[in-house]
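Summary of the model geometry
Here's the letter readout for the chains.
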Amino acid sequence: MWVGGVRVVILDDKKRVLMVRQHHEGRDIWMVPGGGVEEGENSSQAGAREVLEETGLRVKMGKLIWHVEEVSEKRGQRFVNFFLAELEGGTLELGSDPEFDSDSQVLREVRFMSREEMCHLEVLYPEYLKDELWRFLEEDYYGYNAFKIRE
């Protein structure tokens, strides 16, 4: 059975990407906001909900830029859809994960980062946020293949 997730790429007016720092398995990981797709919602709806929960910002969901799949014995069958989105409102603030109690929260920080800042992060998920994302944003990707397999 597949487990679905979503991540959302949001740029500010300075072309910086909204990033969240989460703490998992004893280490901090920087990523774009997102999370699990819940019963009764699609990936786009889940993305908008997760951004609001984690960052306090409302977004208009846009184009699917990546569909990443993983099939492994350890983690099972998973997919994550990565979307572009535009800011619509709200106030940037560190949110919380409703599925965790106050002592078990994984969110640590939320802020916009430049390409250069992202390239210097020790742990960034997925790594192709450092390069492929920027090529996608800067070039004409007619016929771009959003489907990827995570190995």
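Everything numeric in this text was worked out from a predicted model, so none of it was measured.

1. Side note on the overall build of the protein
Within the protein, the regular secondary structure consists of three helices and eight strands. Put simply, the protein runs from its N terminus to its C terminus through helices and strands in the order β-β-β-β-α-β-β-β-α-α-β. On C-alpha atoms alone, the protein measures out to a radius of gyration of 15 Å, which is about the 15 Å that the 2.2 N^0.38 rule sets for 151 residues. Dimensions along the principal axes, computed over C-alpha positions, put the protein at roughly 45 × 40 × 35 Å. Every one of the 151 residues in the protein was classed for burial, and the buried ones make up 43%. Here the analysis covers contacts within the protein between residues at least 6 apart in sequence; of these, 64% occur between residues at least 24 apart. Counting only carbon and sulfur atoms, one obtains 47% of the accessible surface of the protein, whose full area is about 8,800 Å². Computed over 20 positive and 31 negative side-chain charges, the inter-centroid distance for the protein is 3 Å.

2. Focus: the UniProt feature "domain: Nudix hydrolase" (unreviewed entry) in the protein
UniProt feature "domain: Nudix hydrolase" (unreviewed entry): in the numbering of this structure it lies at residues 1-138. Taken end to end, residues 1-138 is 18% helix and 46% strand, and its first and last C-alpha atoms sit 36 Å apart.

3. Observations concerning the sheet that holds strand β3 (residues 27-31)
Strand order in the open sheet formed by three strands is β3-β2-β7, with antiparallel pairing between adjacent strands. A strand with exactly one partner marks an edge of an open sheet, and here the two such strands are β3 and β7 (107-113). Going from strand to strand, the sheet's axes swing by 20 degrees on average, the running direction of each strand aside. Pairing analysis gives six bridges linking strand β2 (residues 17-24) to β7, with the strands arranged antiparallel. Bridge pairing in β7 places Gln22 opposite Leu107. Running over the sheet, helix α1 (residues 43-55) touches β2 and β7 and is turned about 75 degrees from β2.

4. A short note on the packing of aromatic side chains
The geometry of two aromatic rings is summed up by the distance between their centres and the angle between their planes. For the structure shown, the criterion picks out three aromatic pairs. Judged by centre distance (5.3 Å) and plane angle (75 degrees), the rings of Trp66 and Phe82 are edge-to-face. One end of the pair, Trp66, is in strand β5 (residues 57-72); the other, Phe82, is in strand β6 (residues 76-90), with 16 residues separating them in the sequence. Phe82 carries the same exposure label as Trp66, and that label is buried. Here Phe82 and Tyr125 contribute two aromatic rings whose centre-to-centre distance is 6.4 Å and whose plane-to-plane angle is 45 degrees, an arrangement assigned as tilted. Of this pair, Phe82 sits in strand β6 while Tyr125 sits in the loop between α2 (115-119) and α3 (132-138), and the two are 43 residues apart along the sequence.

Cut-offs applied
Numbers given for residues are sequential positions, taken from 1 along each chain in its written order. Local features in a predicted model are, by the rule used here, given only for residues with pLDDT of at least 70; side-chain atom pairs are given and counted only at 80 or more, and totals for whole chains, interfaces and linings are based on all residues. As a convention, hydrogens and water are excluded, and side-chain values are obtained from all of the structure's heavy atoms. Working definition: helices are DSSP H or I runs of at least four residues, strands are E runs of at least two. Numbering for both runs from the N terminus. Radius of gyration here is computed from C-alpha atoms only, and the compact-globule reference equals 2.2 Å multiplied by the residue count raised to the power 0.38. Exposure classes here rest on a 1.4 Å probe applied to the protein chains alone. A residue is buried below 20% of its type maximum, exposed above 50%, and partly exposed in between. We call two residues in contact when some of their heavy atoms are within 4.5 Å. For every accessible area listed, the method is Shrake-Rupley and the probe measures 1.4 Å; residues are considered covered only by the protein chains on display. Positive charges come from Lys and Arg, negative ones from Asp and Glu, while His and the chain ends are left out of the count. Charged side chains are reduced to one point each, which is NZ for Lys, CZ for Arg, CG for Asp and CD for Glu. UniProt positions are given in the numbering used here, feature names are shortened, and annotations may be inferred rather than shown by experiment. Only when DSSP finds a minimum of two bridges between them are two strands counted as paired. Only the contacting stretch of a helix is used when fitting its axis, a line to C-alpha atoms as for every element, and angles between N-to-C directions run 0 to 180 degrees. We call Phe, Tyr and Trp rings a pair once their centres come within 6.5 Å, taking the six-membered ring for Trp, and we label the pair stacked below 30 degrees between planes, edge-to-face above 60, and tilted otherwise.

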